[in-house]
Amino acid sequence: MKINNFLYYVLYPVHATAWIGTALYLYFFEFTLFNFLSVLIGWILIEGVGVAVGLHRYTSHKAFVARRGLRPVILWLSCLALQGSPLGWAAVHRGSHHRHADTEGDAHTPSKGWLYSWHMWLHDWDKYFNPKYAIDLIRDPLHMWIAKHYISIILVTYLVVGLFSWQLLLFGFMIPAALSL
């Protein structure tokens, strides 16, 4: 799936649902301890484990070797951050951010303004994505499977969690993903 399709059909709707859903929820219901714990635990898992550990330390920097059973869990949590597949994230991070930090070649350069460095750079994904910086991940069947099924992983997770509890979906998954970006 092209990055713009992901932005318009997944990322932006999830962010809009997170913020509008929270406002509506707070208008009609009381914020509960369950909601608070869902946001807290969801943010720790999605941002802390998924982004900081999974996308950054594990996938991009290869700072450690994950145990066989833990590897898919870390990569699944990385997908739930809605910041691109781990393979794609690593290719951009290694090739753009590391090689050209805080210059025009950096996808997250602050020189183009906070909005661009925050998420508008995603509209220029093809400019920053270079698969040669992720050859090791391209050769890995699990990373390729996740890259190919990235959207499905997110949607199936949301469907299963949503069928169990829409509050858990909103507060434990959507809001932490929105906060994570």
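Computed from a predicted structure; not experimentally measured.

Visitor: Sorry, what's going on with the overall build of the protein here?
Guide: Each helix and strand in the protein was counted, giving 10 helices and zero strands. Its C-alpha atoms give the protein a radius of gyration of 17 Å, near enough to 16 Å, the size a compact globule of 181 residues would have. Expressed as lengths along the three principal axes of its C-alpha atoms, the size of the protein is roughly 50 × 40 × 25 Å. Relative to its full complement of 181 residues, the protein shows a buried share of 46%. Across the protein, contacts joining residues at least 24 apart in sequence account for 72% of those joining residues at least 6 apart. Counting every atom, the protein has about 9800 Å² of accessible surface; 68% of that belongs to carbon and sulfur. Within the protein, one finds 13 positive and 9 negative side-chain charges whose respective centroids are separated by 12 Å.

Visitor: Would you mind showing me how to read the nonpolar core here?
Guide: In summary, soluble globular proteins display a tendency toward joint burial of nonpolar side chains. Ranked by size, the top nonpolar core spans 43 residues in total, and within it Phe6, Val10, Leu82, Trp121, Ile154, Tyr158 and Met174 carry the most contacts. Among the elements of the structure, α1 (3–28), α2 (33–60), α3 (70–79), α4 (86–98), α6 (125–128), α9 (150–164) and α10 (166–180) are those that each provide at least two residues to this core. With eight residues, the top contributor of residues to this core is α10.

Visitor: Before we go on, may I ask you to explain the packing of α2 against α10 in this structure?
Guide: For any two helices packed against each other, the geometry comes down to the angle between their axes and how far apart the axes lie. With their axes 8 Å apart at the nearest point, α2 and α10 run at an angle of 45° to one another. As judged from the angle between their axes, α2 and α10 are oblique. Once α2 is placed against α10, the crossing between them reads as right-handed. Contacts from Phe34, Asn35, Ser38, Val39, Gly42, Trp43, Ile46, Glu47 and Val51 of α2 reach α10 at Gln167, Leu168, Phe171, Gly172, Phe173, Ile175, Pro176, Ala177, Leu179 and Ser180. In the contact of α2 with α10, the residues fall into 12 nonpolar, six polar and one charged.

Visitor: Quick question: what am I supposed to make of unusual backbone geometry here?
Guide: Note: most residues except glycine have negative phi, and most peptide bonds are trans. Positive phi values are uncommon outside glycine, yet Lys62 reaches one of about 50°. Considering the arrangement of structural elements, one finds Lys62 in the loop between α2 and α3. Notably, Leu82 is not glycine yet its phi reads approximately 60°, a positive angle. Structurally, Leu82 can be placed in the loop between α3 and α4.

Visitor: For this particular structure, what's the right way to read the packing of α3 against helix α8 (residues 141–148)?
Guide: Across the interface, α3 lies against α8 with an axial gap of 11 Å and an inter-helix angle of 25°. Considered as vectors, α3 and α8 are oriented roughly parallel to each other. Here α3 and α8 pass one another in a crossing that is right-handed. Taken together, the residues of α8 that come into contact with α3 (itself represented by Arg71, Pro72, Leu75 and Cys79) are Leu142, His143 and Ile146. For the contact of α3 with α8, the per-class residue count stands at five nonpolar, one polar and one charged.

Scoring rules and cut-offs
- Residues numbered from 1 in each chain as written.
- Predicted model: local features only at pLDDT ≥ 70, side-chain atom pairs only at ≥ 80, totals over all residues.
- Heavy atoms only, no water.
- Helix = DSSP H or I, 4+ residues; strand = E, 2+ residues; numbered from the N terminus.
- Rg over C-alpha atoms; globule rule 2.2 N^0.38 Å.
- Buried < 20%, exposed > 50% of the residue type's maximum accessible area, 1.4 Å probe, protein only.
- Contact = heavy atoms within 4.5 Å.
- Areas by Shrake-Rupley, 256 points an atom, 1.4 Å probe, with all protein chains shown as cover.
- Lys, Arg positive; Asp, Glu negative; His and termini not counted.
- Charge placed at Lys NZ, Arg CZ, Asp CG, Glu CD.
- Core = buried A, V, L, I, M, F, W, Y, C linked by side-chain atoms within 4.5 Å.
- Axes fitted to C-alpha atoms, helices over the stretch in contact; angles between N-to-C directions.
- Parallel < 35°, antiparallel > 145°, perpendicular 65-115°, else oblique.
- Left-handed = near helix turned anticlockwise from the far one by under 90°.
- Nonpolar A, V, L, I, M, F, W, Y, C, P; charged D, E, K, R; others polar.

Shape descriptors only; they carry no functional weight alone.
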